[in-house]
There are 2 protein chains.
Amino acid sequence: MAQQIRATIERYVTAVGSGDTDDILALYAPEATVEDPVGTPIRTTREQLREFYDVLTGLERHAELHEDAVRIADRHAAFRFTLVTTVAGQRFTVSPIDVMEFDADGRILTMRAFWGSEDLRAEPI
Amino acid sequence: MAQQIRATIERYVTAVGSGDTDDILALYAPEATVEDPVGTPIRTTREQLREFYDVLTGLERHAELHEDAVRIADRHAAFRFTLVTTVAGQRFTVSPIDVMEFDADGRILTMRAFWGSEDLRAEPI
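Residues numbered from 1 in each chain as written. Chains lettered and ligands numbered in written order. Predicted model: local features only at pLDDT ≥ 70, side-chain atom pairs only at ≥ 80, totals over all residues. Heavy atoms only, no water.

This brings us to the UniProt feature "domain: SnoaL-like" (unreviewed entry) in chain A. UniProt's entry tags residues 9-109 of chain A with the feature "domain: SnoaL-like" (unreviewed entry), counted in the numbering of this structure. The distance from the first to the last C-alpha atom of residues 9-109 of chain A is 13 Å, and the span holds 27% helix and 47% strand. (UniProt positions renumbered as here; feature names shortened; annotations may be inferred. Helix = DSSP H or I, 4+ residues; strand = E, 2+ residues; numbered from the N terminus.)

The next subject is the relation of the copies chain B and chain A. Between chain B and chain A, which share one sequence, the superposing operator has a rotation angle of 180° and an axial displacement of 0.0 Å; the RMSD is 0.0 Å. In short, the pair behaves as if placed about a two-fold rotation axis. The overlap is high: 100% of the interface residues of chain B also sit at the interface in chain A, so the same surface is used on both sides. (Least-squares fit on C-alpha atoms with pLDDT ≥ 70 in both. Contact = heavy atoms within 4.5 Å.)

Residue and element names in this part refer to chain B. By size, the foremost hydrophobic cluster in this structure holds 29 residues, and its most contacted members are Tyr12, Tyr28, Tyr53, Phe79 and Met111. Elements with a minimum of two residues in this core: α1 (2-18), α2 (21-25), β1 (28-35), α3 (46-57), β2 (60-73), β3 (76-87), β5 (97-102) and β6 (108-114). Counting residues per element, this core draws most heavily on α1, at six residues. The contact partners of Tyr53, leaving out residues within four places of it in the chain, are Tyr12, Val16, Thr21, Ile24, Leu25, Tyr28, Val34 and Met111. (Core = buried A, V, L, I, M, F, W, Y, C linked by side-chain atoms within 4.5 Å. Buried < 20%, exposed > 50% of the residue type's maximum accessible area, 1.4 Å probe, protein only.)

Take a look at the structure:
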């Protein structure tokens, strides 16, 4: 199970960094929910998840998993990754800690992203 | 609020590394729960929390917060720290990602520790 979860996490970060919305959504269970960042309204429908990731996949970007910060416990995991996006001549870097729960097939059931505005860095290119 | 939460996290890691059980429990709200590691039964009473931390505070140990891996979102936080304990001539190192929810006073309401057996390293001293 831990191996399956690790594979999903790696695929997730790859898809977030260079895939399209369908690549990302394929990793989610049909009933999945997304809370990003934690404390904001939870997205509960497929349409809301698609809308959320469409914003991201429309941008120039790349993402990297911090291999030393992946922790898997039972059907749950926490991991840190860094996402760099380029928008209007600015480079935005954010490095959230994502917490996920998985179903028996290793698909994501819940995603909660821990980051605050103080974790978002903007710099001119 | 983020500043208060950060202070609680720093006090927590300090107390886990060198304080006594009372120092640790003082950071928890009265109704607090602990799930460590995630997937094991949740400790819900003060007695269960005390019993859990008594095992730790009875050991030779130190702990360190990874300053680059602290993420605060609303009344929630995720952070990575490393705990080194010495037992019977062996040094055990574990570096969990802890996820906490806080009350309005910055006290810990829930603690969930993400780590698996593959994250525990043992070496002779």
